[in-house]
Amino acid sequence: MLESHVRSKQPKRKSTQHRTQILLKNKRLILLVLISSLGWGIWQVQNSLFSQSRKESASSISPLVNLRSLAPTVRANQLKLLSNAEENGDSAQQSIINRNRARYLLAADLIQQQQGKLALTYLQGLAEDYPLLRPQILFKTAQAYQQNKEEQAAQRTLEDLIENYPRSPITANAISLLDGDRSQYQARLIQEFPYHPLAQKLASQGLQQNPDQFKLLLLLAKYSRDADLNKIRDRLVLEYSGELTPEDWEAIADGYWREDEYRKAADAYAFAPDTPRNLYRVARGFHRNGNLDAARLGYQRLIKEYHDAREAGQALLYLASISSGDVAVVYLEKVIANFPDVAPEAYRSKAIIHERFGKYKAAGQARDRLLNKYSDSAAAVEYRWKIAQELANKGNKKDAWQWMQPVVKSNLELDFAPQALYQTGIWATNLGKPAAAKVVFKKIIGLYPQSYWAWRSAIKLKWQVGDFERVRSLDPALDLAKTYSPLPMDSKALQELYFLGQYYDAWLLLQSEIKQHQQLTVNEQFSEGILKLELDQYSAGMQEIWDLTKREDPQELEQWKALRKTTAYWQGLFPFPYESKIQEYAQQEQINPLLVLSVMRKESTFDPEINSAVGAIGLMQIVPPTADWIAKQIQLPNYSLTNPEDNIRIGTWYLKHNHDRYQDNSLLAVASYNAGTSNVNDWLTKYELNNRDRFVEQIPFPETKDYVEGVFGNYWNYLRLYNPEIRQKVDSLRTN
């Protein structure tokens, strides 16, 4: 998808048990699921809210927006002032709201500091004054009573919460704190709150004691989104198939599909409800697994039962791809007649088939139809790019440039288009058409601002963004002030908790609103990713947002595209954790901090516990022998590669060391960071470095080529998001 260079490699992770222990130690539970499905009408309302967030944050919520991310001790005095503020004329209602918010935050901070007695002074009467968060207020009141050794008052408050808010997710926490029969409370948690982390923890513990418990196995398969649940799904399929409902099968199949277990998913979808989506995934799962006979039968069943469904058009295309020439053409004709959205791909496939069998006239007619009727389609653009490359390779750059002009005028967003357009700009430059080249380079930045090729285009436009040999020396001004944008959801309580910075409570509320835990909506998935980031689970949060690129439904794609227009989406993909340490050690080693950050993002997606198959550890993926050598150079006797500060210090020094080896050429330094010095030195003897774009294209290791483009794509995105000057330049092109 369009974020192809945005995603980072995922080194091998530590075991789930080990990572869970770390999360529990830090008093954070792994985020697993999100909110209930939203209709398109709700999305339109929420998108309007989302897009107007800056206007709102500048007016009604401005007194608190800058306090939400501050440490409790730093914001205490300002919150106290707000909590005592008097009503003020026309804004009296807003003054009351901010006063209640300030009281809530003060109480929450004090409870975190084990000062329950003082917290009670702010909680007194707050449940009545602030009904939007009444369940959360009651729970915090009970916590404050417990800290103040008032156990009877705490129990009465918990009972009040449970009685009046039986479906609130915070009630599950309250149940866990009640005095009495623990086994009874645990059973109630599992029965009434299966989505809750406490219930899932109890289910896992129960299975460790007795693995033959169908209900607990099914609870985890339906409600958990842990990456290591395939063994549980396997057991349900092999040992309890007779007890599974069609909805159970669908949840199991969705889990397999998400983990790329396509054959197992296909088998499970066969028992799920007969919907176009599920039947399509039956056939597609077999197809991806190489079982073409079963795939063919699956596609044919889908077409027969849901002949006008969107999935039927895709099924016909795939049937054509696994059928003989004449039969394939018949399928493609059905696509052209009945599914205009995918007709361009059908014409493209027809041309290929006709050409394969020597029917060149028919092939030409199909291509003419593609280029004339569907000139803005992905299939037409891809064909134009193919022909243009062939012409350029024969030395005919003028015709190659001419073939790409319809693409230059198009606004269709495609994965390969940034590179294709960039090469078109290079051809224009070589042909003595600087004005035409400038138009193309601006278009790349305006239409594909997130791409590696947008950075290369900015360099051609002579923007001060640093080329390969000038990146290290830059020290760009950065605007890292946190902004507030509401989540694209309709829950008022959720929005309030998120605005207040109560991220775990916000996530907990989301769990209670989910209808299908294995099928998140676009808005749910994005919100989940944002909340994970706020809880410092950077790798998981970024992955959640990136995975939105996998959506196939047209309506979901439109929702995703709307999100991509927001700053929150891109800052979610490019967060800036460990800011102070990155800045400190980058300054110490005299290296651009954004380059350090970009390498770190590519190496680990900011997971300090991650490790690779070759033994590289931590944020900047350092192997222990190299770390030992560097530690001696910088006189760091005691260190841990899983300690973020140590890893950043060692990795930054090593990145600087690589730059010193190659006279500050960041292209070679970054390539060496991935492939090693000996390989880079070998490439320097084979390939010409003067044409830097060509040098990158010739890197013989696909992983290293992707790594180089990924790191500098990261660098460019951090620059365009956090450097005010470049951000303004990019925004001006996107507006125009």
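All values reported here derive from a predicted model rather than from experimental measurement.

Counting its regular elements, the chain contains 44 helices and 0 strands. Over its C-alpha trace the chain gives a radius of gyration of 28 Å, about what one expects of a compact globule, namely 27 Å for 736 residues. For the chain, the spread of C-alpha atoms along the principal axes amounts to about 85 × 65 × 60 Å. For the chain, the proportion of its 736 residues judged to be buried stands at 54%.

A cluster of like negative charges, contributed by Glu151, Glu159, Asp160, Glu163 and Asp179, occupies part of the molecular surface. Following the sequence through the fold, glutamate 163 ends up in helix α10 (residues 151-164). Glutamate 163 gets classed as exposed once you look at its relative accessible area, which sits at 64%.

With 14 residues, α10 extends 20 Å from end C-alpha to end C-alpha; this agrees with the ideal 20 Å at 1.5 Å per step. Buried within α10 we find Ala153, Ala154, Gln155, Thr157, Leu158, Leu161 and Ile162. On its buried face, α10 is in contact with α9 (134-147), α11 (169-177) and α12 (182-192).

As a further point, take the side chain of glutamine 136. Along the polypeptide, glutamine 136 turns up in helix α9. For glutamine 136, the residues in contact, after removing those within four places along its chain, are Tyr104, Ile170 and Leu497.

What follows deals with the environment of leucine 391. Mapped onto the elements, leucine 391 comes out in helix α24 (residues 378-393). The class of leucine 391 is buried, set by a relative accessible area of 19%. The sequence separation of leucine 391 and arginine 281 amounts to 110 residues, and the corresponding C-alpha distance is 40 Å. In this structure leucine 391 touches Asn396, Asp399, Ala400 and Trp403, once residues within four positions along its chain are discounted.

Moving on, we come to the nonpolar core. Among the nonpolar cores identified, the biggest contains 224 residues, and Leu236, Trp455 and Trp716 are the most heavily contacted of them. With 10 residues, the single largest contributor to this core is helix α43 (residues 702-722). Beyond its immediate chain neighbours, meaning those up to four positions away, tryptophan 455 contacts Val465, Gly466, Asp467, Phe468, Val471, Phe712, Tyr715 and Trp716.

The next subject is the packing of aromatic side chains. With the rule as written, the count across this model stands at 36 aromatic pairs. Plain terms: the ring middles of phenylalanine 193 and tyrosine 195 are 6.2 Å apart, the flat faces sit at 75° to each other, and that makes the pair edge-to-face. Where tyrosine 484 meets tyrosine 498, the ring centres are 5.9 Å apart and the plane angle is 40°; that geometry is what we call tilted. Here tyrosine 484, found in the loop between α29 (452-460) and α30 (492-499), pairs with tyrosine 498, found in helix α30; they are 14 residues apart in sequence, far enough to count as distant.

Running from amino to carboxyl end, helix α27 (residues 417-430) crosses α29 at an angle of 20°, the nearest separation of the two axes being 9 Å. Judged by the angle between their axes, α27 and α29 are roughly parallel. In this structure, α27 meets α29 at a crossing whose hand is left-handed. Contacts between α27 and α29 involve Pro418, Gln419, Tyr422 and Ile426 from the first element and Trp453, Arg456, Ser457 and Lys460 from the second.

Turning our eyes to something else, we now look at the pattern of salt bridges. Counted under the stated rule, the structure contains 45 salt bridges. Here aspartate 693 and arginine 456 are joined by a salt bridge, their closest N and O atoms 2.8 Å apart. With aspartate 693 in helix α42 (residues 692-698) and arginine 456 in helix α29, this residue pair connects regions lying 237 residues apart in the sequence. What makes aspartate 693 buried here is its relative accessible area of 14%. Of the residues examined, arginine 456 reaches a relative accessible area of 2% and is grouped as buried. Measuring nitrogen to oxygen at the nearest pair gives 2.8 Å for the salt bridge that ties arginine 472 to aspartate 664. Linking arginine 472 in the loop between α29 and α30 with aspartate 664 in the loop between α39 (644-661) and α40 (666-675), this pair joins segments that are 192 residues apart in sequence. Residue classification places aspartate 664 among the partly exposed residues on the basis of a relative accessible area of 32%. Connected through shared salt-bridge partners, Arg456, Asp467, Glu469, Arg470, Arg692 and Asp693 make up one network.

Taking 1.5 Å of rise per residue, the 18 residues of α39 would be expected to cover 26 Å, and the 26 Å separating its terminal C-alpha atoms lies within 8% of that figure. Counting buried residues in α39 gives 13 out of 18 residues, a clear majority hidden from the surface. Measuring from the side-chain oxygen of the N-cap residue of α39 to the backbone nitrogen of glutamate 645 gives 3.0 Å; that N-cap residue is asparagine 643. Looking at the residues trailing α39, positive phi occurs at glutamine 663, about 50°.

Next up on the list: the packing of α40 against helix α41 (residues 677-686). For the pair α40 and α41, interaxial distance at closest approach is 7 Å and the crossing angle is 130°. Between α40 and α41, the angle falls in the class oblique. Touching Leu668, Ala671, Ser672 and Ala675 of α40 are Thr677, Asn679, Val680, Trp683 and Leu684, all from α41. By residue class, the composition of the contact of α40 with α41 is 6 nonpolar, 3 polar and no charged.

On to the environment of valine 730, then. Structurally, valine 730 can be placed in helix α44 (residues 724-735). Valine 730 sits in the buried class, given a relative accessible area of 2%. Beyond its immediate stretch of four places on either side in the chain, valine 730 contacts Ile445, Pro449, Trp463, Trp716 and Arg720.

Once that is clear, we can look at unusual backbone geometry. Negative phi characterises most residues that are not glycine, and trans characterises most peptide bonds. Its identity is not glycine, yet lysine 149 carries a phi of approximately 65°, on the positive side. Among the structural elements, lysine 149 can be located in the loop between α9 and α10. Positioned with a positive phi, aspartate 664 is a non-glycine residue whose angle comes to about 70°.

Attention now moves to the environment of arginine 75. Looking at the element boundaries, arginine 75 is found in helix α5 (residues 72-83). Distance in space between the C-alpha atoms of arginine 75 and tryptophan 257 is 45 Å, their sequence separation being 182 residues. Residues in contact with arginine 75, not counting those within four places in the same chain, are Leu67, Arg68, Leu70, Leu105 and Asp109. Polar side-chain contacts of arginine 75 include one of 3.2 Å to the backbone oxygen of arginine 68.

Let us look at the confidence of the model for the chain. Summarising the model, the chain shows a mean pLDDT of 90, and 91% of its residues fall at 70 or more. Segment residues 11-60: pLDDT under 50, and 120 contacts once partners within four positions in sequence are set aside and those in other chains are kept.

Here we take up the side chain of glutamate 544. Structurally, glutamate 544 is set in helix α33 (residues 538-546). Here glutamate 544 falls in the buried class, since its relative accessible area comes to 8%.

Reading guide: rules and limits
Residues numbered from 1 in each chain as written. Predicted model: local features only at pLDDT ≥ 70, side-chain atom pairs only at ≥ 80, totals over all residues. Heavy atoms only, no water. Helix = DSSP H or I, 4+ residues; strand = E, 2+ residues; numbered from the N terminus. Rg over C-alpha atoms; globule rule 2.2 N^0.38 Å. Buried < 20%, exposed > 50% of the residue type's maximum accessible area, 1.4 Å probe, protein only. Patch = residues over 30% accessible without salt bridge, like charges linked within 9 Å, V, L, I, M, F, W, Y side chains within 5 Å. Areas by Shrake-Rupley, 256 points an atom, 1.4 Å probe, with all protein chains shown as cover. Salt bridge = Lys/Arg side-chain N within 4 Å of Asp/Glu carboxyl O. Lys, Arg positive; Asp, Glu negative; His and termini not counted. Charge placed at Lys NZ, Arg CZ, Asp CG, Glu CD. Expected span 1.5 Å × (residues − 1). Contact = heavy atoms within 4.5 Å. Core = buried A, V, L, I, M, F, W, Y, C linked by side-chain atoms within 4.5 Å. Phe/Tyr/Trp six-rings, centres within 6.5 Å; stacked < 30°, edge-to-face > 60°. Axes fitted to C-alpha atoms, helices over the stretch in contact; angles between N-to-C directions. Parallel < 35°, antiparallel > 145°, perpendicular 65-115°, else oblique. Left-handed = near helix turned anticlockwise from the far one by under 90°. Polar contact = N/O pair within 3.5 Å; in protein donor to acceptor, adjacent residues only side chain to side chain. Nonpolar A, V, L, I, M, F, W, Y, C, P; charged D, E, K, R; others polar. pLDDT = per-residue confidence, 0-100.

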